[in-house]
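Topology and contacts: notes
Next come the chains, spelled out residue by residue.
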Amino acid sequence: MNKSDSSDVFSQIHIDVARNATDDFNLFHDRNRWLRINRNPFNGPIALGFQVESLLEHKVFLHRKLHKENKLIRDKNLRFSNYQFSFVNAVKPGQVVSIDIKPSKLKEDPETILSNRITVKSDGELALLGYKTESKFALFLTIPELPQFGALNQHPDRSFIAGSSFFLKRKFITTSNAKNFLCGSLVDQDAFFDPFKNKVVFPEIFPCSLISSALLEKAVLEKHDFERNPLVYMSHKISIDRSYLTKLKSGEALYILIRQIPPEPKKDGIGSAIESPYHYECYGLMEDKTILYRALISLAPLEQILNTLK
């Protein structure tokens, strides 16, 4: 069992750095605009969901290193890194974040999977709950339904692709933004970047974190009212292809494709009382249309969540 150090505390500057590195302009993270949110129960800004997951990613990285599991991952060709998390509560500046990683479990039938159950608490209260899993194949959106778009760089940025329901957001990956995102996530950037050794390894969550910016841009285009109808994350299900991540270079374009989809069948457990139409299928494509990651993202109106707590 691994737990975070008691020094894992986000401050507002960490939140600002992470949101600036990803172009996330959600009012929930803004030191001034959080006051504009209707019925905001948090009494201040909150950490980014992907920011917390980035810290979690690094804790699992240290766990794998400590338990010598990286060789197993290489030998078994577990090229996909998968995150499956439910958001239970917000992480606020000044709160101590603790991450509990349960012992790794290896399953080889019918497919080889290495997984860990993980809980994230903020000042002792449950914030995130789920699994980090390594696998040979993507665990989510296993059969992508991506039509032929032609050259992605020929489509206008921040627009719906003609003839489809996909919204396109183009972002350029840079080491500077990745380093800042790591710093904002309380992660030592030297674990990923070392100019003296020509080491450039983009962390897994960083390119995925750009989904938030894409969702916000889509909402702006659709004239969503962020103040009167704020949305919060309910769950993330993400599969990242590490073999393609190693080929990612600074300055390259990442094409984020998003479309709204019907909700998944209702299940028991955390968040089961909340039904929402805000479910999205997301893909991060490289210039050659290689799928770097695929994700299922669910959100719910804040008002709906507050009503379930009455």
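Please refer to the structure higher up on the page.
Values in this document were obtained by computation on a predicted structure and should not be read as measured data.

This next bit is on the environment of Glu57. Residue position: Glu57 is located in helix α2 (residues 49-66). Sequence-wise, Glu57 and Ile37 are 20 residues apart; in three dimensions their C-alpha atoms are separated by 30 Å. Setting aside residues up to four positions removed in sequence, Glu57 forms contacts with Tyr83, Phe192, Pro203, Glu204 and Ile205. At 3.0 Å, the side chain of Glu57 forms a polar contact with the backbone nitrogen of Ile205.

Glancing now at the pairing of strand β7 (residues 167-172). Where strand β6 (residues 159-160) lies against β7, 2 bridges are found, and the strand directions are antiparallel. By the bridge assignment for β7, Phe160 is matched with Phe167. Adjacent in sequence and paired antiparallel, β6 and β7 are bridged by 6 residues, among which Gly163 carries a positive phi angle near 80 degrees. As judged from the 6 bridges shared by β7 and strand β11 (residues 253-260), these two strands associate in the antiparallel manner. Bridge assignment links Lys171 to a residue of β11, and that residue is Leu254.

In this section: the environment of Ala191. Tracing the chain through its elements places Ala191 in the loop between α4 (175-184) and β8 (193-194). For Ala191, a relative accessible area of 22% corresponds to the partly exposed category. Once the C-alpha coordinates of Ala191 and Pro203 are considered, the two residues, 12 residues apart in sequence, prove to be 9.3 Å apart. Once residues within four sequence positions are removed from consideration, Ala191 is found in contact with His58 and Lys199.

Here we take up the packing of α2 against helix α5 (residues 205-221). When two helices pack together, their arrangement is given by the angle between the helix axes and by the axis-to-axis distance. Packing of α2 against α5 leaves a shortest axis separation of 10 Å and a crossing angle of 165 degrees. The angle between α2 and α5 falls in the class roughly antiparallel. Crossing hand, α2 versus α5: right-handed. Along the contact surface, α2 presents Phe50, Glu53, Ser54 and Glu57, while α5 presents Ile205, Cys208, Ser209, Ile211 and Ser212. Split into classes, the residues belonging to the contact of α2 with α5 amount to 4 nonpolar, 3 polar and 2 charged.

The subject of this paragraph is unusual backbone geometry. Residue Pro110 is reached from Asp109 by a cis peptide bond, and omega for that bond is 5 degrees. Tracing the backbone shows Pro110 in the loop between β3 (105-107) and β4 (113-122). Positive phi values are uncommon outside glycine, yet Asp123 reaches one of about 55 degrees. As for its position among the elements, Asp123 is in the loop between β4 and β5 (125-135). Judged by its relative accessible area of 47%, Asp123 is partly exposed. In this model, Arg158 sits at a positive phi of 55 degrees, which is unusual for a non-glycine residue.

Criteria and thresholds
Residues numbered from 1 in each chain as written. Predicted model: local features only at pLDDT ≥ 70, side-chain atom pairs only at ≥ 80, totals over all residues. Heavy atoms only, no water. Helix = DSSP H or I, 4+ residues; strand = E, 2+ residues; numbered from the N terminus. Contact = heavy atoms within 4.5 Å. Polar contact = N/O pair within 3.5 Å; in protein donor to acceptor, adjacent residues only side chain to side chain. Pairing = 2+ DSSP bridges. Buried < 20%, exposed > 50% of the residue type's maximum accessible area, 1.4 Å probe, protein only. Axes fitted to C-alpha atoms, helices over the stretch in contact; angles between N-to-C directions. Parallel < 35°, antiparallel > 145°, perpendicular 65-115°, else oblique. Left-handed = near helix turned anticlockwise from the far one by under 90°. Nonpolar A, V, L, I, M, F, W, Y, C, P; charged D, E, K, R; others polar.

Nothing here speaks to function; it is geometry throughout.
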